[in-house]
Amino acid sequence: MDVLAHAPAVEQGPSLRQRLAAKGFDAVTLLVVPAAVFSLLLFVYPFAFGFVLSFEPKGGGEWLSNYRRFFSDPFLYETIAKTLWLAIPVTLLNLLLAIPIAFRVRLMRHQRLLTTILVLPITLGTVLVAEGLLNYLGPQGWFNRTLMTLGLISQPLKLVHNYWGVFASLLITGFPFTFLLTLSYVTGIDPALEQAAATLGASAWQRFRHVYLPLLMPGLAITFCLSFVQAFSVFPSAVLLGEPAGPTRVISIAAAQAAFEEYDYSMGAAIAMIMGVVQLAIVVAVLASRGLFYRGPASGAKG
Amino acid sequence: MIRDTTLGAKLWAAAVWATVGFFVVNLLAMIATVVTSSFATRWLGTWLPAGWTTRWYSSAWSEFQLWDVLMVTFQVIGAVVFISGVLGVTAAYALARRDFPGKKLLVLLFLLPLMIPSMTFGIPLATVLYQTGLAGTFWGVVAANLVPTVPFVILVMIPFIEQIDPKIEAAARVFGANTFKLFVHVLLPLLMPGILAALLLVLVRTIAMFELTFLVAGPTSQTLVVALYYAVFAAGVRAVQSIDAMAVIYMVTTLVWLIIALRFVNPTQIVTRAKQQPAH
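So, how was this worked out
- The residue numbers shown here count from 1 along each chain, following its written sequence.
- Chain A is the first chain written and ligand 1 is the first ligand written, with later ones labelled in order.
- With pLDDT at 70 or above as the cut-off, local features in this predicted model cover only qualifying residues; side-chain atom pairs require 80 or more to be listed or tallied, and sums for whole chains, interfaces and linings still use all residues.
- Working from all heavy atoms in the structure, the side-chain values ignore hydrogens and water.
- Boundaries between domains were set according to an automatic or database domain assignment.
- We call two residues in contact whenever any of their non-hydrogen atoms come within 4.5 Å of each other.
- Once two parts are brought into contact, the accessible area they lose, counted with a 1.4 Å probe and summed over both, makes up the buried area.
- Between N or O atoms, a polar contact is any pair within 3.5 Å; within protein, one atom must be a potential hydrogen donor and the other a potential acceptor, and residues adjacent in sequence are included only when both atoms are from side chains.
- The residue classification treats Ala, Val, Leu, Ile, Met, Phe, Trp, Tyr, Cys and Pro as nonpolar and Asp, Glu, Lys and Arg as charged. All others, Gly included, are polar.
- Helix axes are fitted only over the stretch in contact, all axes being lines through C-alpha atoms; the angle between N-to-C directions runs from 0 to 180 degrees.
- In this text, helices come from DSSP runs of H or I with a minimum length of four residues, and strands from runs of E with a minimum of two, each type numbered from the N-terminal end.
- Every angle not falling under 35 degrees, over 145, or within 65 to 115 is termed oblique; those three ranges are roughly parallel, roughly antiparallel and roughly perpendicular.
- If you view the pair so one helix is near and one far, a crossing is left-handed when the near helix is turned anticlockwise from the far one by less than a right angle, and right-handed when it is turned clockwise.
- UniProt positions are given in the numbering used here, feature names are shortened, and annotations may be inferred rather than shown by experiment.
- By convention in these notes, a salt bridge is any Lys or Arg side-chain nitrogen within 4 Å of a carboxyl oxygen on Asp or Glu.
- Working definition: rings of Phe, Tyr and Trp (its six-membered ring) pair if their centres are within 6.5 Å, and the pair is stacked with planes under 30 degrees apart, edge-to-face with planes over 60 apart, and tilted otherwise.
- Relative accessibility decides the category of a residue: with a 1.4 Å probe and only protein chains considered, values under 20% of the type maximum give buried, values over 50% give exposed, and everything between is partly exposed.

Engineer: Sorry if this is basic, but what is going on with the domain arrangement of chain B here?
Structural biologist: It is common to give the size of an interface as the accessible area lost on bringing the parts into contact. Residue and element names in this part refer to chain B. Domain annotation for chain B reports domain 1 (1–53) and domain 2 (59–271). On a C-alpha basis, the centroid separation for the pair domain 1 and domain 2 is 32 Å. Contacts between domain 1 and domain 2 engage nine residues on the former and seven residues on the latter. Across the domain 1 to domain 2 interface the summed buried area is about 540 Å²; carbon plus sulfur atoms make up 66%. Its largest share of buried area at the contact with domain 2, domain 1 owes to V34, S37 and S38, together 66% of the area lost on that side. Counting every contact that joins domain 1 to domain 2 gives two residue pairs in polar contact (both at pLDDT 80 or more). Each residue belonging to the side of domain 1 that touches domain 2 can be placed in one class, and the counts come to five nonpolar, three polar and one charged.

Engineer: What's the story with the packing of helix α3 (residues 33–53) of chain A against helix α6 (residues 138–162) of chain B in this structure? I'm lost.
Structural biologist: To describe two helices that pack against each other, one gives the angle between their axes and the distance between the axes. Packing of α3(A) against α6(B) brings their axes to within 10 Å, and their N-to-C directions diverge by 140°. As summarised for this structure, α3(A) and α6(B) are arranged oblique, according to the angle between their axes. Pair α3(A) / α6(B) crosses with left-handed handedness. The residues of α6(B) that touch α3(A), namely those facing A35(A), F38(A), L42(A) and F43(A), are A143(B), L146(B), V147(B), V150(B) and I154(B).

Engineer: Teacher, can you tell me more about the UniProt feature "domain: ABC transmembrane type-1" (unreviewed entry) in chain A here?
Structural biologist: Feature annotation in UniProt places "domain: ABC transmembrane type-1" (unreviewed entry) on residues 80–286 of chain A, given in this structure's numbering. Within residues 80–286 of chain A, the helical portion is 77% and the strand portion 0%, while the C-alpha atoms at the span's ends are 18 Å from each other.

Engineer: Sorry if this is basic, but what is going on with the interface of chain A and chain B here?
Structural biologist: Taken residue by residue, the interface counts 96 residues in chain A and 101 residues in chain B. Taken together, both faces of the contact between chain A and chain B bury some 8,400 Å²; the carbon and sulfur share is 79%. Among the residues of chain A in contact with chain B, F43(A), R104(A) and W142(A) are the three that bury the most area, contributing 9% of the side total. Taken together, the connections running from chain A to chain B amount to zero salt bridges. Seen at the junction of chain A and chain B, the total is six residue pairs in polar contact (both at pLDDT 80 or more). With 22 residues, the top contributor of residues to the side of chain A that touches chain B is helix α6 (residues 111–136) of chain A. Residues of the side of chain A that touches chain B, tallied by class, amount to 65 nonpolar, 21 polar and ten charged.

Engineer: How do you make sense of the UniProt feature "domain: ABC transmembrane type-1" (unreviewed entry) in chain B when you look at a structure like this?
Structural biologist: Listed under "domain: ABC transmembrane type-1" (unreviewed entry) in the UniProt record, and renumbered for this structure, are residues 70–261 of chain B. A distance of 20 Å separates the end C-alpha atoms of residues 70–261 of chain B, which is 82% helix and 0% strand.

Engineer: What is the right way to read the packing of aromatic side chains from this model?
Structural biologist: Two aromatic rings, taken as a pair, are described by how far apart their centres are and by the angle between their planes. As enumerated under the stated definition, the model contains 36 aromatic pairs over all chains in all. Centre to centre, the rings of Y163(A) and W164(A) are 5.1 Å apart; their planes meet at 90°, and the pair counts as edge-to-face. Accessibility expressed as a relative area gives 14% for Y163(A), which makes it buried. Residue class for W164(A) comes out partly exposed when judged on its relative accessible area of 47%. Between F235(A) and F210(B) the ring centres are 6.4 Å apart and the planes differ by 20°, which places this aromatic pair in the stacked class. Separated into two different chains, F235(A) in the loop between α10 (204–232) and α11 (236–240) and F210(B) in the loop between α8 (179–208) and α9 (211–216) make up a pair that spans both. By relative accessible area, which is 0% here, F210(B) ends up buried. An aromatic cluster is defined as three or more aromatic residues linked by ring pairs; in this entry it consists of F235(A), F210(B), F214(B), Y229(B), Y230(B) and F233(B).

Engineer: How should I be thinking about unusual backbone geometry in this particular structure?
Structural biologist: Note on backbone geometry: most residues besides glycine have negative phi, and most peptide bonds are trans. All names here are of chain A. Phi angles above zero are rare outside glycine, and H161 is one such case at about 60°. Inspection of the secondary structure assignment puts H161 in the loop between α7 (142–149) and α8 (163–186). One non-glycine residue, Y263, lies in positive phi territory at about 55°. The topology assignment puts Y263 in the loop between α12 (251–260) and α13 (265–289).

Engineer: Could you clarify how one ought to interpret the UniProt feature "transmembrane region" (unreviewed entry) in chain A in this entry?
Structural biologist: All names here are of chain A. Feature annotation in UniProt places "transmembrane region" (unreviewed entry) on residues 27–48, 84–105, 117–138, 163–186, 211–232 and 267–288, given in this structure's numbering. Taken end to end, residues 211–232 comprises 100% helix and 0% strand; its first and last C-alpha atoms sit 32 Å apart. Secondary structure within residues 267–288 divides into 100% helix and 0% strand; the distance between the first and last C-alpha atoms comes to 31 Å.

Engineer: Looking at this structure, I do not really get the UniProt feature "transmembrane region" (unreviewed entry) in chain B. What am I missing?
Structural biologist: Residue and element names in this part refer to chain B. Taking the numbering used here, the UniProt-annotated feature "transmembrane region" (unreviewed entry) corresponds to residues 12–35, 69–93, 105–126, 138–161, 182–208, 214–235 and 247–265. For residues 138–161, helix accounts for 100% and strand for 0%, while the C-alpha atoms at its two ends are 32 Å apart. For residues 214–235, helix accounts for 59% and strand for 0%, while the C-alpha atoms at its two ends are 18 Å apart.

Here it is, written out as structure tokens:
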């Protein structure tokens, strides 16, 4: 209000308030302020704080020593490879399964039952899935029992407390996520485009390869990124279903241990930053390769 | 609709459905295992347990102090839903109705917490909360959980608000309504279905939100999912059935809200955190 007190400025033209309103700043715009402040305080500030903290090692020393320690200690730097070794195969498998299934489900009239069942593992969360799989895939569980009854194996397979346990849990929680995202992209493409291709004599494979796939590629790239980033930050199932000291010591375990078991917040922040950088690198690489594919409308509106 | 009738196409369709069936059967069997085990007296090396009992529920209830945990869980969820509703809807309204410099940057700021996994920003966030002394308290857990839910509400609500005709608001203004009256008497009733859907999604997601709660919760501010994690983590200390009973209580809590939510929202909305950004 005291801005208006500067009378000379007001007389010469529109008031500051009017000028701001013309740019889109008025009382309504101010409604965004609480959420923005909140986001700055609890999201941007911690990130910046963690970034700075990661260069201030707990035991003193030079500013890069946390990162130097990470990349010189095999117990730490190997977590990146271990996490990638889990996250990339799972994400690719999820995507490869999701595409044909999404194409099939798109033709279904009652999709809701299937999507509801698939949404179950996501709503139940990773902890419950880990707990359930511990019983289900265990040596006495129904899965091994069924395989043995069918005569496929003679000894129970070891499926928990190792790589495959974590793999299975990432598949169960990750597949629905990947699938439902893919489905939303597949249904977003106008079926008229496929019908046009079919009229011109394209086989099913040709229609997929030359009509759908190019249109889907950008969506699939985003789906890959979102699913990958989820799988890369796997935590509860790697602890509960894997070998948190061995092959499934993923990077989030290393970060959580450093910060909240050794109380070395600086090291924890450094590992979290490394985690973010690796995720970002993969996401940027995938999204950059998107530029190689078709970009444009897929809704096929008539001109 | 194109129908392929060749043998190859039929085999392919059969293979696809078999994969879906395999997945769904394993998923349901996994859930059934937990439920069966929670009612089992002794279950070792057989298809079904030796006998049935409900005593694990009462033992889990007292062992894990589930009453306290449930109370904390619902208080946290209530606070998260309320605050993210207030902050999210107001911000979404401003973003939907006004164009101002820096708007794109702001939307990006709200998009990031949804794209970045909670484990990545959770560790620096928890560090800050520990240093301010908020971690371990009720409000620390609420604050951490709000980080992804406020942006979620904003991004769900923006398209919903955009589809409401601004002339209705202009009419209310003409009749002398101030911003507050406009919100309460005009916008809120119109937006109710969207707000309800967004908040139910927040609720379902917050019950299952493990990482952020795990990183900042103290002994008195654990939610159900974190308590379940610690129970499974310390497996061997307690009977498996007791942990499974707790898991069933957790499942029931989640599923009740999921069923309510599914009456109002499309299941795919639970996954796609918000309206997907068009792929440009």
